[in-house]
Amino acid sequence: MELGSIVSRHYADTRPATAAQPQSGDGGMLSGAAADFAATLQRGEDAAMSAMTGSGDPHALVQALAQTELAVETVVTLRNKVVEAYQEILRMPV
Amino acid sequence: MSDFNTAMTVATSGMRAQAARLRVVSENIANTDTPGYHRKTLGFEAEMARGTGTGPASLVVAGPVRLDQSLLDSVYDPSHPMADDTGHYDGSNVDLLVEIADAREASRSYEANLKVFDQIRQMSSALLDLLRK
């Protein structure tokens, strides 16, 4: 059909406009933050391990666990915010 | 690392230094009656922590242990195996009053650092509470 081909061509023309555009800056920053988060978690686990085996300093344990708590709390809050935004978009009437 | 994390590191270094000071005080008190024992003193030194991401921060570390070179207490006890001709022997130069005061000071400083640590935790969680509804 004439109309069908026009619509499909129009759709093909507008598709690139809505395609996701990867941005180089944000990806690097995010992966850096994720690596920092993983390192903080690792430090906390190492401190807990050495404290349980009796070789660790209790101050180091408390410090590492408090920093881990802070990091996890930040990440969980951010994730909740992102999920909330996503659900807000899903609820949008089309 | 954020300022919160750096501040936590600094508060922890303070607690660790005060704990070391209390250890030295306990060594002195335990050796009050040890003949010839010189009391130990502990100094503190500032240490710059770099690579925190928020500029250098001054940590505190326990410095080297020094011996108090003041005169030893002369104790009169002729029956003591180390007593000299006059019946005196060298005791320790530990003054319990000074040690108790030092221990109290270490305890107070430790508490102050602990309060700071707790304050940082409260501040950071209050900040994150803003994002929750």
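### Thoughts on the overall build of chain B
Helices and strands together make up the secondary structure of chain B, namely two helices and four strands. Ordered by position from N to C terminus, the α and β elements of chain B give α-β-β-β-β-α. Its C-alpha radius of gyration of 22 Å places chain B more than 25% over the 14 Å reference for a compact globule of 133 residues. In terms of its C-alpha atoms, chain B occupies a principal-axis envelope of roughly 80 × 30 × 15 Å. Expressed as a percentage of the 133 residues in chain B, the buried residues total 17%.

### Quick notes on the overall build of chain A
When its secondary structure is counted, chain A shows three helices and zero strands. The order of helices and strands in chain A, counted from the N terminus, is α-α-α. Compactness check: chain A gives a C-alpha radius of gyration of 24 Å against a globular reference of 12 Å for 94 residues, more than 25% above the reference. C-alpha extents for chain A along the principal axes are approximately 80 × 30 × 20 Å.

### A look at the interface of chain B and chain A
At the junction of the two partners, chain B supplies 13 residues and chain A supplies nine residues. Elements with a contribution of two residues or more to the side of chain B that touches chain A: helix 1 (3–30) and helix 2 (96–129) of chain B. The greatest single-element share of the side of chain B that touches chain A, amounting to seven residues, is contributed by helix 1 of chain B. When the residues that make up the side of chain B that touches chain A are grouped by side-chain class, the tally is five nonpolar, five polar and three charged.

### Side note on the nonpolar core
Counting eight residues, the largest nonpolar core consists of Ala66, Leu70 and Ala71 of chain A together with Met8, Ala11, Met15, Phe117 and Ile120 of chain B. Of all the elements in the fold, those that place two or more residues in this core are helix 3 (58–90) of chain A together with helix 1 and helix 2 of chain B. In this view, alanine 66 of chain A contacts Met8 and Arg121 of chain B; residues no more than four positions away in its chain are not counted.

### Remarks on the confidence of the model for chain B
Residues of chain B with pLDDT of at least 70 account for 95%, and the chain-wide mean is 89. For this predicted complex, the interface confidence reaches an ipTM of 0.75, while the overall pTM sits at 0.75.

### Regarding the packing of helix 3 of chain A against helix 1 of chain B
The interhelical angle for the contact between helix 3 of chain A and helix 1 of chain B, taken along N-to-C directions, is 165 degrees, at an axis separation of 10 Å. Considered as vectors, helix 3 of chain A and helix 1 of chain B are oriented roughly antiparallel to each other. The hand of the helix 3 of chain A/helix 1 of chain B crossing is right-handed. In this structure, helix 3 of chain A uses His59, Gln63, Ala66, Gln67 and Leu70 of chain A to contact helix 1 of chain B, whose residues at the interface are Phe4, Asn5, Met8, Thr9, Thr12, Met15 and Arg16 of chain B. Grouping the constituent residues of the contact of helix 3 of chain A with helix 1 of chain B by class yields five nonpolar, six polar and one charged.

### Here's the deal with the confidence of the model for chain A
Per-residue confidence for chain A averages 85 on the pLDDT scale, and 91% of its residues sit at or above 70. In the model of chain A, helix 1 (residues 2–18) of chain A stands out as the element of lowest mean pLDDT, 81, in contrast to helix 3 of chain A, which has the highest, 92.

### Re the environment of leucine 131 of chain B
Relative to the assigned elements, leucine 131 of chain B resides in the segment after helix 2. On the basis of neighbour counts, which here come to 12 C-beta atoms within 10 Å, the residue leucine 131 of chain B falls in the exposed class. Linking leucine 131 of chain B and glutamate 99 of chain B, residues 32 residues apart in sequence, is a C-alpha distance of 49 Å. Residues contacting leucine 131 of chain B, with those up to four places away along its chain left out, are Thr77 and Lys81 of chain A.

### Quick notes on helix 2 of chain B
Between its first and last C-alpha, helix 2 of chain B extends 49 Å over 34 residues, near the 50 Å set by a 1.5 Å rise per residue. All of the buried residues along helix 2 of chain B are Asp102, Ala106, Asn113, Phe117, Ile120 and Ser124 of chain B. Those residues of helix 2 of chain B that are buried lie in contact with helix 3 of chain A together with helix 1 of chain B.

### Re the packing of helix 1 of chain B against helix 2 of chain B
Residue and element names in this part refer to chain B. The interhelical angle for the contact between helix 1 and helix 2, taken along N-to-C directions, is 160 degrees, at an axis separation of 9 Å. The orientation of helix 1 relative to helix 2 falls into the category roughly antiparallel. Read as a crossing pair, helix 1 and helix 2 show a hand that is left-handed.

Rules and cut-offs
- Once a new chain begins, its residue numbering starts again from 1 and follows that chain's sequence as written.
- Labels follow written order: the first chain is A, the first ligand is 1, and so on.
- Totals for whole chains, interfaces and linings use all residues, but because this is a predicted model, local features are given only for residues with pLDDT of at least 70 and pairs of side-chain atoms are given and counted only at 80 or more.
- Strands are runs of DSSP state E lasting at least 2 residues, helices are runs of H or I lasting at least 4, and numbering of each runs from the N terminus.
- The quantity called the radius of gyration is restricted to C-alpha atoms. Its globule counterpart is 2.2 Å times the number of residues to the power 0.38.
- In this scheme every C-beta is placed from the backbone, and a residue whose C-beta has 20 or more other C-beta atoms within 10 Å is buried, one with 12 or fewer is exposed, and one in between is partly exposed.
- For the purpose of contact definition, each residue receives a C-beta atom placed from its backbone, and two residues are in contact when these atoms lie within 7 Å.
- Three classes are used: nonpolar for Ala, Val, Leu, Ile, Met, Phe, Trp, Tyr, Cys and Pro, charged for Asp, Glu, Lys and Arg, and polar for all others, with Gly counted as polar.
- By convention the nonpolar core is taken to be a set of buried residues drawn from Ala, Val, Leu, Ile, Met, Phe, Trp, Tyr and Cys and joined through C-beta atoms within 7 Å.
- Residue-level confidence of the predictor, termed pLDDT, takes values from 0 up to 100.
- Axis geometry follows a simple rule: fit a line to the C-alpha atoms, using only the stretch in contact for helices, then measure angles between N-to-C directions, giving values from 0 to 180 degrees.
- Should an angle fall under 35 degrees it is taken as roughly parallel, and over 145 as roughly antiparallel, whereas 65 to 115 is taken as roughly perpendicular and any remaining angle as oblique.
- If you view the pair so one helix is near and one far, a crossing is left-handed when the near helix is turned anticlockwise from the far one by less than a right angle, and right-handed when it is turned clockwise.
- What a helix is expected to span follows from its residue count: subtract one and scale by 1.5 Å.

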